[in-house]
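Take a look at the letters that make up each chain.
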Amino acid sequence: MAKIIVVTSGKGGVGKTTTSAAISTGLAQRGQRTVVIDFDVGLRNLDLIMGCERRVVYDLINVVREEAHLHQALIKDKRYENLSILAASQTRDKDALTQEGVERVLQELSTQFDYIICDSPAGIEKGAHLAMYFADIAIVVTNPEVSSVRDSDRMLGLVASKSRRAEQNMEPVRQHLLLTRYNPERVQKGEMLSVNDVQEILAVELLGVIPESTAVLKASNSGIPVILDQESPAGQAYADAVARLLGDDRPHRFLDAEKKGLFNRLFAGARA
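Here's what I pulled together on the structure shown here. No experiment lies behind these values; they were computed from the predicted model shown.

This structure, assessed with the given rule, holds twelve salt bridges. For the salt bridge of Asp77 with Arg79, the shortest nitrogen-to-oxygen distance reads 3.1 Å. The buried category is assigned to Asp77, whose relative accessible area is 7%.

Attention now goes to the side chain of Thr8. When you line up the elements, Thr8 lands in strand β1 (residues 3-8). In contact with Thr8, other than residues within four places in its own chain, are Lys16, Ser120, Ile139, Val140, Val141 and Met155.

Glancing now at the nonpolar core. Counting residues in each nonpolar core, the largest one holds 38 residues, and the members touching the most others are Ile23, Met50, Ile117, Ile139 and Leu245. Examining the composition of this core, we find that seven residues originate from one element, helix α12 (residues 233-245), more than from any other. Setting aside anything within four residues of it in sequence, one finds Ile117 in contact with Ile5, Val7, Ser20, Ile23, Ser24, Leu27, Thr34, Val35, Val36 and Ile37. Membership of the second largest hydrophobic core comes to 35 residues, among which are Ala2, Val41, Leu74 and Leu130.

Two elements in contact, helix α7 (residues 146-162) and helix α10 (residues 195-202), have axes whose closest approach is 10 Å; the angle formed by their N-to-C orientations is 35°. Once α7 is placed against α10, the crossing between them reads as right-handed. In contact with Val149, Ser152, Asp153 and Leu156 of α7, α10 contributes Val198, Ile201 and Leu202.

So, about helix α11 (residues 214-222). The complete set of buried residues in α11 reads Ala215, Val216, Ala219 and Ser220. For α11, the buried positions fall inside an angular range of 135° around the axis, keeping them on one side. Of the residues in α11, the exposed ones pointing more than 90 degrees away from the buried face are Thr214, Leu217, Lys218 and Asn221. Residues of α11 that are buried in the fold lie against α1 (16-29), α2 (46-49) and α12. Taking the backbone nitrogen of Ala215 as reference, a side-chain oxygen 3.0 Å away marks Ser213 as the first, capping residue of α11. Of the residues trailing α11, Gly223 is marked for its positive phi of about 70°.

As a packed pair, helix α6 (residues 126-133) and α7 sit with axes 10 Å apart at the nearest point and diverge in direction by 60°. Here α6 lies oblique to α7, going by the angle between them. Along this stretch, α6 crosses α7, giving a crossing that reads as right-handed. Contacts between α6 and α7 involve His129, Met132 and Tyr133 from the first element and Met155, Leu158, Val159 and Lys162 from the second. Per-class residue counts for the contact of α6 with α7 are five nonpolar, one polar and one charged.

If you walk across this open sheet you meet the eight strands as β3-β4-β2-β5-β1-β6-β7-β8, and the pairing is mixed. The sheet is open, and its two edges are formed by β3 (75-76) and β8 (205-211), each paired on a single side. With respect to the sheet, α7 is in contact with β1, β6 (137-142) and β7 (174-182), its orientation differing from that of β6 by roughly 165°. Packing of α12 onto the sheet brings it into contact with β1, β6, β7 and β8, and relative to β8 it is tilted by some 165°.

All right, on to α10 then. Given 3.6 residues per turn, any residue in an α-helix points the same way as the ones three and four places further on. When α10 is considered as a whole, its buried residues turn out to be Val195, Val198 and Leu202. Within α10, the buried residues cover an arc of 70° as seen down the axis, which keeps them to one side. In α10, the exposed positions that point more than 90 degrees away from the buried face belong to Asn196 and Glu200. Close packing links the buried residues of α10 with β6, α7, β7 and β8.

Definitions and limits used
- Here the residue index of a chain counts from 1 through its sequence in written order.
- Two thresholds apply to this predicted model, a pLDDT of at least 70 for residue-level local features and 80 or more for giving and counting side-chain atom pairs, whereas whole-chain, interface and lining totals are computed over all residues.
- Hydrogens and water molecules were not included; the side-chain quantities draw on all heavy atoms of the structure.
- Note on definitions: salt bridges are taken to be side-chain nitrogens of Lys or Arg within 4 Å of carboxyl oxygens of Asp or Glu.
- Summary of the burial criterion: residues with accessible area below 20% of their type's maximum are buried, those above 50% are exposed, and those between are partly exposed, where the area comes from a 1.4 Å probe applied to protein chains only.
- The helix count covers DSSP runs of H or I at least four residues long, the strand count covers runs of E at least two residues long, and both are numbered beginning at the N terminus.
- Residue contacts are defined here by distance: any two heavy atoms, one from each residue, within 4.5 Å place the two residues in contact.
- To qualify as a nonpolar core, a set must consist of buried Ala, Val, Leu, Ile, Met, Phe, Trp, Tyr and Cys residues joined through side-chain atoms within 4.5 Å.
- To obtain an axis, a line is fitted to C-alpha atoms, over the contacting stretch when the element is a helix, and the angle between two such axes runs from 0 to 180 degrees between their N-to-C directions.
- Helix crossings are classified by the rotation of the near helix relative to the far one: an anticlockwise turn of less than a right angle makes the crossing left-handed, while a clockwise turn makes it right-handed.
- This arc is taken over the directions from the axis of the helix to the C-beta atoms.
- We call two N or O atoms a polar contact when they sit within 3.5 Å, provided that within protein one can donate a hydrogen and the other can accept it, with sequence-adjacent residues counted only if both atoms are side-chain atoms.
- Oblique is the label for any angle not under 35 degrees, not over 145, and not in the 65 to 115 range, which are roughly parallel, roughly antiparallel and roughly perpendicular in turn.
- Three residue categories are used. Nonpolar comprises Ala, Val, Leu, Ile, Met, Phe, Trp, Tyr, Cys and Pro, charged comprises Asp, Glu, Lys and Arg, and polar comprises the others, including Gly.
- Pairing between two strands requires that DSSP report at least two bridges joining them.

Rendered as structure tokens:
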């Protein structure tokens, strides 16, 4: 049976869809049969980041409502044969999702894939609840700012109490923290929470720290998951996160501010 991973947060704009694209692509790179589903009905951004927006004919709602077969809606990734995408609908309402329909789709996918990544909308509405309800693993994405961390704390509570595993008194959903847009220089200036601050508040296993990087926006605009840009620290950090998810022991990188050499310090002083 496939492992179902929900990528979630309490706040929008923290990098959930970027993370879903990167994690699913990284798992496929590692030989895992992977499918990533966009649960953000009405918005639909995952297909843009995965570079397959022109190939969407049927979507998640069509399959849930039995208007199309699953094999008609799944889009094969151009780069990895073992990676597929199931897009969200841009024209339907979130109420078109039903728990029974989502469960049926996930059960069918579980016979074909090793990992199912559910890209959740932000917050606690119906789409977010259904994305997390069947999860075995939750990746909670947060930025290093108080409001984002506070909202993520609430999501951790919901995952722990409102998932199917919680309702049926099964082994709890395994929870991970992914910290995005991290800037050590701003942490030093007191403009951002540190990794330790966030971990102390949330008390969840740290899966990865993704540094603030223009490579993320560039990759998104190009329809290429940033994990494929292994020249960028963000791409490397996502690759490390995937490795940890699969059980590898990797040290966390990009946590400290870059030390400036004498020339850089003198040049900065001259400019000041």
